Each structure stands twice: as C-alpha cells, then as structure tokens.
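Structural overview for review
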Amino acid sequence: MNKNERQQAIHDEMERRAALCGIPPERHVYKIGNHHSDEGGPRTFVPVEEVRRLDADNDDRTLWPALMARAMEDGEPIELEPDNCRVFRDGRTPLADICSWGHGGDCLLILTERAHGVLAPLLENVCRPVPVHCATARLFGYCPTAVEDVLDAAHSQGFSLMRQVAFFTERLGNAVLFRTAQIDYHIYALQPLVSVAQEQKLTGFRYELVWPQLPMPRVVTVEVKKRPRSASEKLRLPRFSNKAQELKSDLLGDLLGTPLTSDEEDSFNLVTYRLPDLAVPSGSIVAADLVLSQGKPFVRKVKPGHYPLTLVAARLANNDERIAFAIIHFAKGRIARWENAAIEGAASEKRRHVEPHFYGVDSGNGGFCDAGAQESLLNLADPESTLEKHIEQEMAKAYRHTRHWVHMETDRGSAAVFSAGYGDGAYPSYFGVDAAGGPLALMTDFGVLDWPRDPAVAGNMH
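Here the structure is a predicted model, which is why all the values come from computation and not from measurement. (Residues numbered from 1 in each chain as written. Predicted model: local features only at pLDDT ≥ 70, side-chain atom pairs only at ≥ 80, totals over all residues. Heavy atoms only, no water.)

**Focus: the overall build of the protein chain**
The criterion, for reference: Labels follow the DSSP assignment, with helices taken as runs of H or I lasting at least four residues and strands as runs of E lasting at least two, numbered in each case from the N terminus. Only protein chains enter the area calculation, which uses a 1.4 Å probe; residues under 20% of their type maximum are buried, those over 50% are exposed, and those in between are partly exposed. Residue contacts are counted whenever heavy atoms from the two residues lie within 4.5 Å of one another. Method for areas: the Shrake-Rupley scheme with a 1.4 Å probe, in which residue coverage is limited to the protein chains shown.
The helix and strand inventory of the protein chain stands at 10 helices and 28 strands. Considering only C-alpha atoms, the protein chain reaches an extent of 75 × 55 × 50 Å along its principal axes. Among the 462 residues that make up the protein chain, the fraction classed as buried is 48%. In the protein chain, once contacts between residues fewer than 6 apart in sequence are set aside, the share between residues at least 24 apart is 73%. Surface exposure of the protein chain reaches about 23,100 Å², of which carbon and sulfur atoms provide 49%.

Here you go:
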C-alpha cells in the first residue's frame, strides 16, 4: 500500500467512525487554514504592503487591520500578488484557488475567479466582500462575518488554545462558515462547504474535522500537482561533513575564565570538538538558526579566510551532552575582553554596545556561516524542504545523546549547524578582542554554563 492509499484508508476509516456518531454529516465542523505540508502546499496570494513590512522586520502590527478597515469602509482595494518567496521561484508550484491572510475579524479570504464562481453562493450570507486587486489575476476578497454561539465550552479541552472543541449540534447549520462567540481566532466550516471544495478540487485550504470528536481527526486537502523538476533544475546541494576531532579543553580558561559553572550545580566534564574550518571568503559572518530562518551579518568584519571552528560541550553525569559554546578562532593572541557582537541594522549605536544581539532558535539548532554561504543555502529552498531534510539526515550521523552537527561547503563559503544547548530559545554572541581591539574569536553562548568573563556578568559586578 503506497502513501496515497494509506491516507485514503485513514480517511475512509474516519468517515466510517463519523457516520456512526449520530451527528448528521451536514453538521460536521472543520477548522480551516492555509494548506501547508511536508511536501509543500500551493502558492498563495499575499498582501504586498504586509509582505514589505515583514521583510523589513517591522513590528507594526496595526498595518493589516488598517488595510482591512480602509478596504471595507472606504472601498480602497488591498493590493495582492502571488507569494514570491524563494521556495516558489522555480515556477513548479501552482497558485492556490483559495487562501487567507490574517485572523478573526481581520481575516481576508482570497478566491480566484474559478473558486469564486463555485463558492460565492455559499459565502454571500456569511461574509462581507472586500475589494482587492492583483496585477496578474482576477481575485475576490471576503471577510467572514458570521459569529455563532455554538461552542460547548464546558466540554471543550484546552479551551484557550482550542486543542479540542465541542459544539452544540442543534445550533449548527445557520452558517456554513463562521467564527465562535467565545473566541474568534479560528474560522470554521460545515461539511457542505468542504464537500464543494473537494468536489471542485479547489486547492489552498486544509480542513481539519473537529466535530464530531474522533481519536484521529480527519484532515482534508486537495492534492497539489507540481510540475516535475527538470534535469537542469536539479538542486546542487552543498558538500556535507559530520566529522569532528575531539580536542583537549585546557585553553578554555584563557578564553572564558575559570571556573565554568552550571546553574543547576550539576557535575560535568568539558569536551571540545573541532569541526572542519569555516570558509569566510566575504569576511562577513552570520549566526542564526540556519535550518528554519536566516540572520543578518555582524557589523564587525574579519579578514577573508578559513578559520577553526570548535564546539564546547558539557558532558553531564547522565551522559547527556549539551553544546555550551560555539567558537570561531581568527588569530592567536590573548583575549583582553569580550564585546557584544552587533548585527547590521541594529536599533541604535548605543544599544549595540549595551545589549548583546540574541538570535532565535526554533529548530533546536544554531549555526555559523559566511553571509554568501547563507545566500547560497537560501537559494536552494523548495516546497519539498529538500535541503532541510538532507541537513537533518547528515546531522543524525553525528548524533550523540543529546547533540549533533553538520558542516556544509557551498560555492560561496561554508556553514555549520549544531545543537543549541538545551534547544529552542534565544542566544547571544560575542567577539573576543585583543588589547588593540582586533578580533581573535567569535563565540555564541547557548546558556548551558556560566563563565566569569561574560561581559553581561562582568558589567553587573561594577
């Protein structure tokens, strides 16, 4: 039985169980959202101004509500365009028939002309039209306005997060698309709307059956048929290496000070691993979660070259290893002090020196790379997450409870990805400089151990 056959068998079983629950099919409730999967959903349409805000790291979240208000009150169309992120630039992924942006009362449903012709009769009484414009396609916008008092809060679990919801079945049926009176974050649809989307093969939405409650919720999506990758489009993956040499940790005292201690006062031994040298042809270095995000280069540049990269792990009593520090060595010499490593585009010159930059980790991994290598890796993005899957496979080869790593050589320098301390979080980086201010090392602290020369700690001691 292949993957599609297994999925169909699961769906058939869920339908059989749902039919036995006694709730009429037309009152089955689905939570809806844009179609995302391991294989990648369809290419959506996105609001131009909101995408510009996100690209600029602008935290102003009032822009989208303002755009919706101007559209609905003043008739000013919201400008839309096909999502032009890197994963879609090879042109293999078709555009969605229906997608959405925003949440709750500011949710915009975006329909192509084909989807509008099919769904308009179902939406006209439960949604308000929203004027939209797209230079490349005829699109239609709707804002769901139906708010139904149908949620049975007493029998819902994890209510604030809507982990498992229950509905008053007898109250359902007035609206095929609705929000609930208690919380308006999610949009729900009844079976008739989902059935039409399935029958007409409208791509773009993921429908999760939430009522009746089943041990394994049924999830409905319409298959997205991507154009096969041609021979000329084959991804040229980086060269991977998971080799590392174990070194003595004798010199860490000169770098970080002594003693190194644990917040939990656990006993530990230090073990240092040297990975392949980091090639930095541009002299510009990035520290980031390179699996799930990208980072901005540090303001301080270094001389182009190949530099030793070491990972310092704390081996705990239960044989648990946690990478505490990742260090790039630029030159020999005595480190006079550690300075906050500011990134390009930091808020102000003053904050660069007072506050370290923390980069966020959501994949459990941190990383170092040349800025050009980061660009090369980003250009390998595709809807199937091919690069990410290869990174995970290669890192698994170096796994030891509980750390792993991989080194990658690209056409524009190299990158390294490694476990970040105890996992997801935010971690600072520092440059170690000599008495003249020249860079000798760059280090990311993953919060596993306390070190006496930490500039934050040293600053608090004065």
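**Considering the sheet that holds strand β9 (residues 147-148)**
Rule in force here: Criterion used throughout: strands pair if DSSP finds at least two bridges between them.
Spatially, the six strands line up as an open sheet ordered β9-β10-β11-β1-β12-β13, and their pairing is mixed. Strand pairing shows two members of the sheet lacking a second neighbour, β9 and β13 (219-221), which therefore form its edges. Summarising the sheet, strand β12 (residues 205-211) and β13 pair through three bridges and their orientation is antiparallel. Its bridge partner lying in β13, Tyr207 is registered against Val220.

**Describing the packing of helix α2 (residues 48-55) against helix α3 (residues 63-74)**
Angle between the axes and distance between the axes are the two parameters that describe a pair of packed helices. Heads up, the condition is: Geometry is summarised by axes, namely lines fitted to C-alpha atoms with helices restricted to the contacting stretch, and by angles between N-to-C directions that run from 0 to 180 degrees. Working rule for angles: under 35 degrees goes down as roughly parallel, over 145 as roughly antiparallel, 65 to 115 as roughly perpendicular, anything else as oblique. Three classes are used, and their members are as follows: Ala, Val, Leu, Ile, Met, Phe, Trp, Tyr, Cys and Pro are nonpolar, Asp, Glu, Lys and Arg are charged, and the others, Gly among them, are polar.
α3 packs onto α2 with a crossing angle of 170 degrees between their chain directions and a minimal axis gap of 10 Å. One way to sum up the angle between α2 and α3 is to call them roughly antiparallel. Contact with α2, carried on its side by Glu49, Glu50 and Arg53, involves Leu63, Trp64, Leu67 and Arg70 of α3 and no other residues of that element. For the contact of α2 with α3, the per-class residue count stands at three nonpolar, no polar and four charged.

**Observations concerning helix α9 (residues 386-396)**
Selection criterion: Taking the helix axis as origin, the arc is that swept by the directions to the C-beta atoms.
Among all positions in α9, only Leu387, Ile391, Glu394 and Met395 are buried. Buried residues of α9, viewed axially, fall in a sector of 100 degrees; they line one side. Buried-residue contacts for α9 involve β14 (239-241), β23 (365-370), α8 (371-378), β24 (405-410) and β25 (413-419).

**Looking at the environment of Pro383**
Residue placement: Pro383 occurs in the loop between α8 and α9. Note on Pro383: relative accessible area 7%, which makes it buried. Residues Pro383 and Gly204, spaced 179 residues apart in sequence, show a C-alpha to C-alpha distance of 14 Å.

**Describing the nonpolar core**
For clarity, the cut-off: What is meant by a nonpolar core is a set of buried Ala, Val, Leu, Ile, Met, Phe, Trp, Tyr and Cys residues, joined one to another through side-chain atoms within 4.5 Å.
Formed by 42 residues in total, the largest nonpolar core has its most connected members in Val29, Leu123, Phe167, Leu177, Phe178 and Tyr207. Counting only elements with at least two residues in this core, the list comes to β1 (29-34), β5 (108-112), α4 (113-123), β8 (139-144), β10 (177-180), β11 (187-190), α5 (191-199) and β12. Looking at this core element by element, the count peaks at five residues for β12. Excluding its chain neighbours within four sequence positions, the residues that come into contact with Phe178 are Val29, Ala146, Glu148, Val150, Phe167, Leu172, His186, Ile187, Tyr188 and Leu190. In terms of nonpolar packing, the next biggest core, distinct from the first, is built from 32 residues, Val271, Tyr273, Ile343 and Tyr359 among them.

**Concerning the packing of aromatic side chains**
Keep this limit in mind: Pairing of aromatic rings covers Phe, Tyr and Trp, the last through its six-membered ring, and needs centres within 6.5 Å; plane angles under 30 degrees mean stacked, over 60 mean edge-to-face, and all others mean tilted.
On inspection of all chains with the given rule, the structure shows 16 aromatic pairs. Aromatic pair Phe167 and Phe178: ring centres 6.3 Å apart, planes at 85 degrees, arrangement edge-to-face. Of this pair, Phe167 sits in the loop between β9 and β10 while Phe178 sits in strand β10; the two residues are 11 residues apart in sequence, bridging distant segments of the chain. With a centroid separation of 4.9 Å and an interplanar angle of 50 degrees, the aromatic rings of Tyr273 and Trp405 are classed as tilted.

**Remarks on the side chain of Thr93**
Looking at where Thr93 falls in the secondary structure, it is placed in the loop between β3 (78-82) and β4 (98-101). Residue Thr93 is classed as buried on the basis of its relative accessible area of 7%.

**Here's the deal with a negative patch on the surface**
What counts, and what does not: Exposure above 30% relative accessible area and the absence of a salt bridge qualify a residue for a patch, where like charges join within 9 Å and nonpolar side chains (Val, Leu, Ile, Met, Phe, Trp, Tyr) within 5 Å. Each reported salt bridge corresponds to a side-chain nitrogen of Lys or Arg within 4 Å of a carboxyl oxygen of Asp or Glu. Positive charges are assigned to Lys and Arg, negative charges to Asp and Glu, while His and the chain termini are left out of the count. Charged side chains are reduced to one point each, which is NZ for Lys, CZ for Arg, CG for Asp and CD for Glu.
There is a patch of like negative charges on the surface, built from Asp263, Glu264, Asp266 and Asp450. The residue Asp266 is located in the loop between β16 (261-262) and β17 (268-280) in this model.

**A closer look at α3**
Basically, it comes down to this: To estimate the expected span of a helix, count its residues, drop one, and scale the result by 1.5 Å.
Taking 1.5 Å as the rise per residue, α3 with 12 residues should run 16 Å; its terminal C-alpha atoms sit 16 Å apart, in good agreement. Regarding α3, the residues found buried are Leu63, Trp64, Leu67, Met68, Ala71 and Met72. Along the long axis of α3, the arc covered by the buried residues comes to 160 degrees, so they all point the same way. More than 90 degrees from the buried face of α3, the exposed residues found are Glu73 and Asp74. Phi turns positive one or two residues past the end of α3, at Gly75, with a value near 75 degrees.

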